[in-house]
Amino acid sequence: MTNFDSQDDFRSWGNVLKESHTVARPVWRDQLKSTILNGRQQGLSLLGAGLRRSYGDSGLNPAGGMIDMAGVDRIIAFDLEKRLLRAEAGISFDTLLKVIVRQGFFLPVTPGTRYVTLGGAVGNDVHGKNHHVNGPIGRWIRRLGLLRSNGEELELSPSENPELFAATIGGLGLTGLITWVELELITVESAMIDAENIPFENVDSFFALAKESEKDFDYTVSWIDCLAKGDALGRGIFSRGNHARAGSRLPDQGNTRFTMPMNLPGLAMNRYSINAFNALYFWNGKRTAGPARIGLHPFFYPLDSIGRWNRLYGRGGMYQYQSVVPPSVQVEATKDMLRAISASGQGSFLAVLKTFGAVKSPGMLSFPKEGTTLALDFPNHGDDTLRLMRRLDAIVLEAGGRLYPAKDGRMSAEMFQQGYPAWQEFARHVDHGFSSHFWQRVSQR
């Protein structure tokens, strides 16, 4: 048994929220059942934790018990012929990549950081640059182990306990503790990407490029200048790529160049510095545009090149706002959001625009759906920032869209419930012994 014997202050990755937790740190899978039962005997609500890259409060459980899964991180089995890898939930994508790429495999779906755990990826049903091809990671989960708060150990799959399986995919760790996951991999011939960067002048140009690229490129995404106005509204750099068909299978050792030693002064992130950065980034993108063969890490994980990059936003931290709106209104809704952001002057130098395909996830609370997703990091300027995000909420709601819980720390219960009509069905599968700050906030009726 591993005891809940330490008090730690956990922060959201956005550094806006800080909460005290009672923490247990198991290192063996066979310790998990007794750890859960011990926490429940102490009267603690529980939540599993990975590498804590959730931006808001879905990974926080204030005054509750946190089960830190980072030490439960071993590969259990690897069937190369069937492309199936079974591993403990605490293993990171960084570790998995070091094992699978040299064997000629890659993750079917990966988010923009390799510092996430397998269990966390399932709990948030992560998506990546290839959603229009592979969908979110939930489509590639073949089986998983789930430990409930009463000590019951279950094996879930699309055919075994299918409803609980669907609730656990994208279920934010609320259906119990994910202990292991069986994931289907994809094959690759090298550790390189044949990539191409293309500057575009406005939102309409983005949608033309996205449509043109979907058939021939597995990976597409774009950076945009969210402070641009007028005819240049939504200008940016479109990136697309495929796995190279030849080259070394030895991946580079990572792209972290330096680590932020401390928080920047809060005044460093203002409309003038962001506007200057965006103009320079767009100019440099035009200067270096064209095809290039690059490594996996710089293509998939550019932000990992700066350790603790969230400190760039200062002590006040930042909010990430990620929405998706359906195809029928995606052009006008995207323009409306960008106009509101530009008019507010509260820009972001990390602004990503991408189209999602029609590939569906088995998860009840899965965020991606067909349409367009816009993700931005806003420096936390208090009421002004919250006011802007409420304006964006109104645009997203009117468009029939929704927000990503893994990135959220402030959406209203109404916003969540309208965006996720299956939330009440999901609520029936929530383990009464598990909770989070996010769930307490958005499940209010």
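Analysis parameters
- Residues numbered from 1 in each chain as written.
- Predicted model: local features only at pLDDT ≥ 70, side-chain atom pairs only at ≥ 80, totals over all residues.
- Heavy atoms only, no water.
- Axes fitted to C-alpha atoms, helices over the stretch in contact; angles between N-to-C directions.
- Helix = DSSP H or I, 4+ residues; strand = E, 2+ residues; numbered from the N terminus.
- Parallel < 35°, antiparallel > 145°, perpendicular 65-115°, else oblique.
- Contact = heavy atoms within 4.5 Å.
- Nonpolar A, V, L, I, M, F, W, Y, C, P; charged D, E, K, R; others polar.
- Phe/Tyr/Trp six-rings, centres within 6.5 Å; stacked < 30°, edge-to-face > 60°.
- Buried < 20%, exposed > 50% of the residue type's maximum accessible area, 1.4 Å probe, protein only.
- Expected span 1.5 Å × (residues − 1).
- Arc of directions from axis to C-beta.
- Pairing = 2+ DSSP bridges.

### A short note on the packing of helix H9 (residues 330–344) against helix H10 (residues 383–399)
Between H9 and H10, whose axes approach to 10 Å, the crossing angle comes to 170°. Taken as axis vectors, H9 and H10 run roughly antiparallel relative to one another. Contact with H9, carried on its side by Ala333, Asp336, Met337, Ala340, Ile341 and Ser344, involves Leu388, Arg391, Leu392, Ile395, Val396 and Ala399 of H10 and no other residues of that element. A class-by-class count of the residues in the contact of H9 with H10 yields 9 nonpolar, 1 polar and 2 charged.

### Looking at the packing of aromatic side chains
Centre-to-centre distance and the angle between the planes together describe a pair of aromatic rings. One pass over the structure, following the stated rule, counts 16 aromatic pairs. Between the aromatic rings of phenylalanine 367 and tyrosine 404, the centroid separation amounts to 4.7 Å while the plane-to-plane angle is 15°, which identifies the pairing as stacked. A residue pair is termed long-range when its members are at least 10 positions apart, and phenylalanine 367 in the loop between strand E19 (351–356) and strand E20 (371–379) and tyrosine 404 in the loop between strand E21 (402–403) and helix H11 (413–419) qualify at 37 residues. For phenylalanine 367, a relative accessible area of 1% corresponds to the buried category. The class of tyrosine 404 is buried, set by a relative accessible area of 5%. The interplanar angle of 65° and the centroid separation of 6.5 Å between the aromatic rings of tryptophan 423 and tryptophan 439 together place this pair among those described as edge-to-face. Highlighted residues: tryptophan 423 in helix H12 (residues 423–427) and tryptophan 439 in helix H13 (residues 437–442), separated in sequence by 16 residues.

### As for H10
Taking 1.5 Å of rise per residue, the 17 residues of H10 would be expected to cover 24 Å, and the 24 Å separating its terminal C-alpha atoms lies within 8% of that figure. Buried within H10 are the following residues: Thr385, Leu388, Met389, Leu392, Asp393, Ile395, Val396 and Ala399. The arc that holds every buried residue of H10, seen down its axis, measures 170°, which confines them to one face. Exposed residues pointing more than 90 degrees away from the buried face of H10 are listed as Asp383 and Glu398. On its buried face, H10 sits against strand E18 (318–325), H9, E20, E21 and H11.

### Focus on the sheet that holds strand E9 (residues 153–156)
Read from one edge to the other, the open sheet built from 5 strands follows the order E5-E6-E10-E8-E9, with strand pairing classed as antiparallel. With one partner strand each, in any of the chains shown, strand E5 (75–79) and E9 form the two edges of the open sheet. Between one strand axis and the next, the sheet turns by 10° as a mean value, whatever way the strands run. Set on the sheet, helix H2 (residues 93–100) makes contact with E5 and strand E6 (84–88); between it and E5 the angle comes to about 40°.

### Some points on the sheet that holds strand E4 (residues 65–68)
Taking strand neighbours across the sheet as the criterion, the 4 strands line up as E1-E2-E4-E3 in an open arrangement whose pairing is mixed. In this open sheet, the two edge strands, each paired with only one partner strand, are strand E1 (6–11) and strand E3 (46–49). The average angle at which neighbouring strand axes cross in this sheet is 45°, direction not considered. The sheet contact formed by E3 and E4 spans 4 bridges and is parallel. Residue glycine 48 lies in a different strand from E4, and its bridge partner there is isoleucine 67.

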